[in-house]
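Coordinates in review
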Amino acid sequence: MSDPSERVARLFEFYVQNVWPVHRKLVKRRLSRRCRSCAASEKMLALDSAGVCVSCRSFVEAAPAQRRSERDAEALSQSLGRYQGAGTGLYDALVLFSGGKDSTYMIHRLRTEFPRLRMLAFTIHNGFMSPVAERNVQELIERLDIDHVFVRPRKAFHVKLFRYCITHLNADGGYGTVDFSDGEFMLDTARRLAAEKDIPLILCGYSRYQVQNGLRLDDFESPRERECSDRVETAGLPLKDIFAPDEVELWWHGARWPRGRVARLFFPLFAWDLEEEEVKKKVAEWGLLPKKAHSPIATNHKLIPLLGVTDVHQRGYSGFEIEFCRMIREGKADYRQWLFTFEFLEYTARTGLFVKSVVIDLLAQLGLRTEDVGIRFNE
Ligand SMILES: [Zn+2]
């Protein structure tokens, strides 16, 4: 309970819900203007005179998307049905488990709908996972009653990755560079594990948005060619610029494996295409995770506050906001909750309130100082 980043995350959430609704009125002039319908910052999207952003102006309810997700869900269901008992080894599917609501939902639903699918859950420790998140993983795995492997690469590997990424941010900021690379390494480790254990399928709980905008895919399955090729870069950064040759070996080299040993990679939540509220409601109903606010700063990844603060200093808003503004626009996330979260992140990133010491400590763990990532707290 004494981990400083957990304390900060809890303070942040408490403040956003209970104090910020009043505090914001006093500092409104120092905050960016935000879209009245999706909460996007004026620094992300241009606002018109009515205070509405260009994306909301041109947004039309997508009726065909509904039919499409029904088709995708049906195709996914048929494929998963065929994989029950199809593995030559002990398992049919390696299932990525982060301890968050999405992967918890995925495992429970798969278990219910495909009772004969032999699943092995997989979690990676990236060296910056909070102790609370670790405990959550352990408790949920027991509740889900599923076989599980926890992979812990040496911490120096992730320190090297994150340090390089945060000092070489691409156009998508901390989210699109550091968090994205973290996810890519997690997927690569799953690919390697599946090949080694001869598991024919990998299931990952990324949302439709994460698949489309993060992985730039428009399908619930990753293309075969991608799975069968060697990785040479992450987030646009060549691996050989970041790592020594033995560390590059830890990434996925699909071309070295016989094609029959390369697992297919599915994203079930892409096909199911659910609203955030629906997922939260279900995991609460199933008695797996309590229904509470999930702020982007209080996730299982300790670096999230650092990424948010760095983004605010470099571009005026955090890269995490893009995904949530889209969900608000599509009616899949709550406007008021996220508006207050984004506003307070902007305020706290500049003043350092609550986050300053944590940000400085996280940077120190990466061997960096505030000036290395363009952060200047106002005193
Ligand atoms: Zn908008």
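Turning next to the nonpolar core. Judged by nonpolar contacts, the single largest core of 99 residues is most densely connected at Ala 39, Leu 94, Val 95, Ile 202, Leu 203 and Ala 263. Each residue touching Leu 94, except ones within four places of it in the same chain, is listed here: Leu 120, Phe 122, Ala 190, Leu 193, Ala 194, Ile 199, Ile 202 and Ala 263.

Further remarks concern the sheet that holds strand β3 (residues 147–151). Read across the open sheet, the five strands follow the order β3-β2-β1-β4-β7; overall the sheet is parallel. One side of each edge strand has no neighbouring strand; the edge strands of this open sheet are β3 and β7 (264–266). Within the sheet, the average angular offset between the axes of one strand and its neighbour, ignoring direction, is 25°. Bridge analysis of strand β1 (residues 93–96) against strand β4 (residues 201–203) gives three bridges, and the strand direction is parallel. Each residue of the ladder has a partner; that of Ala 93, found in β4, is Leu 201. Along the sheet, helix α8 (residues 173–197) contacts β1, β2 (119–124), β3 and β4; its crossing angle with β1, the most-contacted strand, is approximately 160°.

Let's shift gears to α8. Taking 1.5 Å as the rise per residue, α8 with 25 residues should run 36 Å; its terminal C-alpha atoms sit 36 Å apart, in good agreement. Roughly 30° is the biggest bend found in α8, and it falls at Phe 180. One or two positions beyond α8, positive phi appears at Asp 198, with a value near 55°.

Attention now goes to the domain arrangement of the chain. Per the domain assignment, the segments making up the chain are domain 1 (4–60 + 293–373) and domain 2 (63–276). Centre-to-centre, using C-alpha coordinates, domain 1 lies 26 Å away from domain 2. Opposite the 26 residues of domain 1 that make contact, domain 2 presents 24 residues. Among the elements of the structure, α1 (4–18), α15 (304–315) and α16 (320–329) are those that each provide at least two residues to the side of domain 1 that touches domain 2. Ranked by residue count, the leading element in the side of domain 1 that touches domain 2 is α15, at five residues. For the side of domain 1 that touches domain 2, the per-class residue count stands at eight nonpolar, ten polar and eight charged.

Of note, the phi angle at Asp 145 is positive, near 55°, even though the residue is not glycine. Relative to the helices and strands, Asp 145 resides in the loop between α6 (131–144) and β3. Residue classification places Asp 145 among the exposed positions, given that 8 C-beta atoms sit within 10 Å. Even without being glycine, Asp 273 reaches a positive phi, approximately 45°. Looking at the element boundaries, Asp 273 is found in the loop between α13 (268–272) and α14 (276–285).

Of all six residues in β2, six are buried, a share of seventy percent or more. The alternating pattern of β2 places Met 119, Ala 121 and Thr 123 on one face and Leu 120, Phe 122 and Ile 124 on the opposite face, and all of these are buried. With helix α5 (residues 101–113) bridging β1 and its parallel neighbour β2, the resulting β-α-β unit is right-handed. Sheet topology note: the β2/β3 ladder contains five bridges and is parallel. Considered in β3, the bridge of Ile 124 is made with Val 151. Between the parallel pair β2 and β3, the chain is carried across by α6, and the sense of this crossover is right-handed.

In this section: the environment of Arg 264. The topology assignment puts Arg 264 in strand β7. By the C-beta count within 10 Å, which is 16 here, Arg 264 ends up partly exposed. Between the C-alpha atoms of Arg 264 and Pro 223, which are 41 residues apart in sequence, the distance is 8.5 Å. Excluding its chain neighbours within four sequence positions, the residues that come into contact with Arg 264 are Pro 200, Leu 201 and Glu 221.

A separate point is the packing of helix α7 (residues 155–166) against α8. Where α7 meets α8, the closest approach of the two axes is 9 Å, and the angle between their N-to-C directions is 155°. Judged by the inter-axis angle, α7 sits roughly antiparallel to α8. Crossing of α7 over α8 shows right-handed handedness. Residues Leu 161, Phe 162, Cys 165 and Ile 166 of α7 touch α8, and the partners they reach there are Gly 174, Thr 177, Val 178, Ser 181 and Phe 185. Looking at the contact of α7 with α8, its residues break down into six nonpolar, three polar and no charged.

What counts and how
Sequence positions are assigned chain by chain, starting from 1 and proceeding in written order. Residue-level local features of this predicted model are given only where pLDDT is at least 70; pairs of side-chain atoms are given and counted only at 80 or more, and the full residue set underlies all totals for whole chains, interfaces and linings. Think of a nonpolar core as buried Ala, Val, Leu, Ile, Met, Phe, Trp, Tyr and Cys residues, each tied to the set through C-beta atoms within 7 Å. Think of it as a crowd count around each C-beta: if 20 or more other C-beta atoms lie within 10 Å the residue is buried, if 12 or fewer it is exposed, and in between it is partly exposed, with C-beta placed from the backbone throughout. Remark: residues whose backbone-derived C-beta atoms lie within 7 Å of one another are considered to be in contact. Strands are labelled as partners when DSSP assigns at least two bridges between them. The helix count covers DSSP runs of H or I at least four residues long, the strand count covers runs of E at least two residues long, and both are numbered beginning at the N terminus. Angles run from 0 to 180 degrees between N-to-C directions of axes, and those axes are lines fitted to C-alpha atoms, restricted for helices to the stretch in contact. To estimate how far a helix should extend, the number of its residues minus one is multiplied by 1.5 Å. Think of it this way: the bend at a residue is just the angle between two axes, each fitted to seven residues, one set ending at that residue and the other starting at it. Marked domain ranges trace back to an automatic or database domain assignment. Note on residue categories: nonpolar means Ala, Val, Leu, Ile, Met, Phe, Trp, Tyr, Cys or Pro, charged means Asp, Glu, Lys or Arg, and polar means any other residue, Gly included. Convention used here: a crossover is right-handed provided that the path from the first strand, over the helix, to the second strand proceeds clockwise when the strands point away from the viewer. In this scheme, roughly parallel covers angles under 35 degrees and roughly antiparallel covers those over 145, while 65 to 115 is roughly perpendicular and the rest are oblique. Crossing handedness is defined as follows: a turn of the near helix away from the far one that is anticlockwise and smaller than a right angle gives a left-handed crossing, while the clockwise case is right-handed.

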